[in-house]
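# Structural description and commentary
Residues per chain are reported as follows:
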Amino acid sequence: MIVYARTPAGDLCARTVLEVGVEQHDVTFDLGAWPQDAPDPAGPLGLASTPVIVLPDDRWTDLATAGALRAGHQPACLRLPADAPRLGIQLLVAINEGADVVLIEGGGGPQLDLARALGGRPLAVLPLNRPQDIGSYLMGCTFDAHVPVPTGDDPFRARVADAIAALHLEMRHHVVEVDPNPAFAEAGMDPSGMPLDAFAAAAAGVLAGRLAAAGRRWRAQAGI
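All of the points below concern the structure found in this document. Because the structure is a prediction, the values reported are computed rather than measured.

This part is about the overall build of the protein. Along the protein, the regular secondary structure elements total seven helices and nine strands. Rg of the C-alpha trace for the protein: 17 Å, near the compact-globule value of 17 Å for 224 residues, within the 12% margin. Counting only C-alpha atoms, the protein reaches 55 × 35 × 30 Å along its principal axes. For the protein, buried positions account for 51% of its 224 residues. Once local pairs closer than 6 in sequence are excluded, the contacts in the protein between residues at least 24 apart make up 70%. Only carbon and sulfur atoms are counted for the fraction: they give 52% of the accessible area of the protein, which is about 10500 Å². Counting 16 positive and 26 negative side-chain charges, the protein places the averaged centre of each group 4 Å from the other.

Below is the structure:
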């Protein structure tokens, strides 16, 4: 549940309590300027479990989008740069206006935390081709996130496992194995010879699409 308030400077802020494992975190995010007489940018559910894919760059955004479109039965997708002004407000407004999946380009740990604190489901797209950069990508991520891990044949799975084994991601995050092939099929791309980064983005898109479809069903049943 999110409570909107004003900072002493008059900016809008969002307050919530997050449960991460057995820990509780009281969180306040300064969202930036918002008209004093305007209604809140979203309701108390904030992003309402909307999947938010956080990509380290924009190289594979189209592929991730293709995965979401195929797995989510054509959800409404929106892409935003990580350095967009008032990113939190843009996220809330986008969901309030009907976005089913949001893709953030050039992001990392801070954007994963923002999406989580605002009630979304952050999906981390790990730079698997550069295992030494995964820690930098996740730096600043203090809460839990979904980490889609692409599946494949045994040699492929071994490559992915080697890239992430030292990080012990399962101790904090929700590591989910995902078949990335629907994304390549939707994009009309042959996955043969593609870098691991592409498979990570594809897997994230597929998982986001599935979460978006489940979210639509839940909202319809709840009358939201």
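A few words now on the nonpolar core. Formed by 69 residues in total, the largest nonpolar core has its most connected members in Ile53, Leu126 and Leu128. Here this core gets 13 residues from one element, more than from any other, and that element is helix 7 (residues 196-222). Leu128 has contacts with Ile134, Pro150, Val160, Ala163, Ile164, Leu196, Asp197 and Ala200, leaving out every residue within four places of it along the chain. With five residues, the next largest nonpolar core counts Leu18, Val27, Ala117 and Phe143 among its residues.

Right, let's talk about the pairing of strand 2 (residues 12-20) for a bit. The side chains of a regular strand alternate between the sheet's two faces. Relative to strand 2, strand 1 (residues 3-6) runs antiparallel, the two sharing four bridges. Bridge pairing in strand 2 places Arg6 opposite Leu12. The antiparallel pairing of strand 1 with strand 2 creates a hairpin that spans five residues between the two strands, and Gly10 there sits at a positive phi of about 95 degrees. Of the strand pairs in this sheet, strand 2 and strand 3 (residues 23-32) are connected by nine bridges, and their pairing is antiparallel. Paired with Glu19 across the two strands is Gln24, which belongs to strand 3. Connecting strand 2 to the next strand, strand 3, in antiparallel fashion are two residues, including Gly21 with a positive phi near 65 degrees.

For the rest of this paragraph, the subject is the sheet that holds strand 2. Sheet architecture is open: three strands sit in the order 1-2-3, paired in antiparallel fashion. For this open sheet the edge positions go to strand 1 and strand 3, each flanked by a neighbour on one side alone. In this sheet, adjacent strand axes meet at a mean angle of 30 degrees when their direction is disregarded. Across the sheet, helix 3 (residues 109-117) is in contact with strand 2 and strand 3; its angle to strand 2 comes to roughly 90 degrees.

This structure, assessed with the given rule, holds eight salt bridges. The residue Asp144 makes a salt bridge to Arg116 at a minimum N-O spacing of 2.7 Å. Of this pair, Asp144 sits in the loop between helix 4 (131-138) and strand 8 (146-150) while Arg116 sits in helix 3; the two residues are 28 residues apart in sequence, bridging distant segments of the chain. The buried category is assigned to Asp144, whose relative accessible area is 9%.

Looking now at the packing of aromatic side chains. Scanning all chains against the criterion turns up two aromatic pairs. Chaining the aromatic ring pairs together yields one cluster made of Phe156, Phe184 and Phe199.

Attention shifts here to unusual backbone geometry. In this structure, Ser49 takes a positive phi of about 65 degrees despite not being glycine. Examined against the element boundaries, Ser49 turns out to sit in the loop between strand 3 and strand 4 (51-55). Residue classification places Ser49 among the partly exposed positions, given a relative accessible area of 38%. Non-glycine residue Gln74 carries a positive phi angle of around 65 degrees. Locating Gln74 in the fold gives a position in the loop between helix 1 (61-71) and strand 5 (77-81).

With that out of the way, let us pick up the environment of Asn129. With respect to the helices, strands and loops of the structure, Asn129 is situated in the loop between strand 7 (121-124) and helix 4. Exposure remark for Asn129: the relative accessible area of 37% places this residue in the partly exposed category. Remark: the alpha-carbon pair of Asn129 and Leu196, spanning 67 residues in sequence, is separated by 5.5 Å. Excluding residues within four positions of it along the chain, Asn129 makes contact with Pro195, Leu196 and Asp197. One polar contact links the side chain of Asn129 to the main-chain amide nitrogen of Leu196, over a distance of 2.9 Å.

Cut-offs and rules
Residues numbered from 1 in each chain as written. Predicted model: local features only at pLDDT ≥ 70, side-chain atom pairs only at ≥ 80, totals over all residues. Heavy atoms only, no water. Helix = DSSP H or I, 4+ residues; strand = E, 2+ residues; numbered from the N terminus. Rg over C-alpha atoms; globule rule 2.2 N^0.38 Å. Buried < 20%, exposed > 50% of the residue type's maximum accessible area, 1.4 Å probe, protein only. Contact = heavy atoms within 4.5 Å. Areas by Shrake-Rupley, 256 points an atom, 1.4 Å probe, with all protein chains shown as cover. Lys, Arg positive; Asp, Glu negative; His and termini not counted. Charge placed at Lys NZ, Arg CZ, Asp CG, Glu CD. Core = buried A, V, L, I, M, F, W, Y, C linked by side-chain atoms within 4.5 Å. Pairing = 2+ DSSP bridges. Axes fitted to C-alpha atoms, helices over the stretch in contact; angles between N-to-C directions. Salt bridge = Lys/Arg side-chain N within 4 Å of Asp/Glu carboxyl O. Phe/Tyr/Trp six-rings, centres within 6.5 Å; stacked < 30°, edge-to-face > 60°. Polar contact = N/O pair within 3.5 Å; in protein donor to acceptor, adjacent residues only side chain to side chain.

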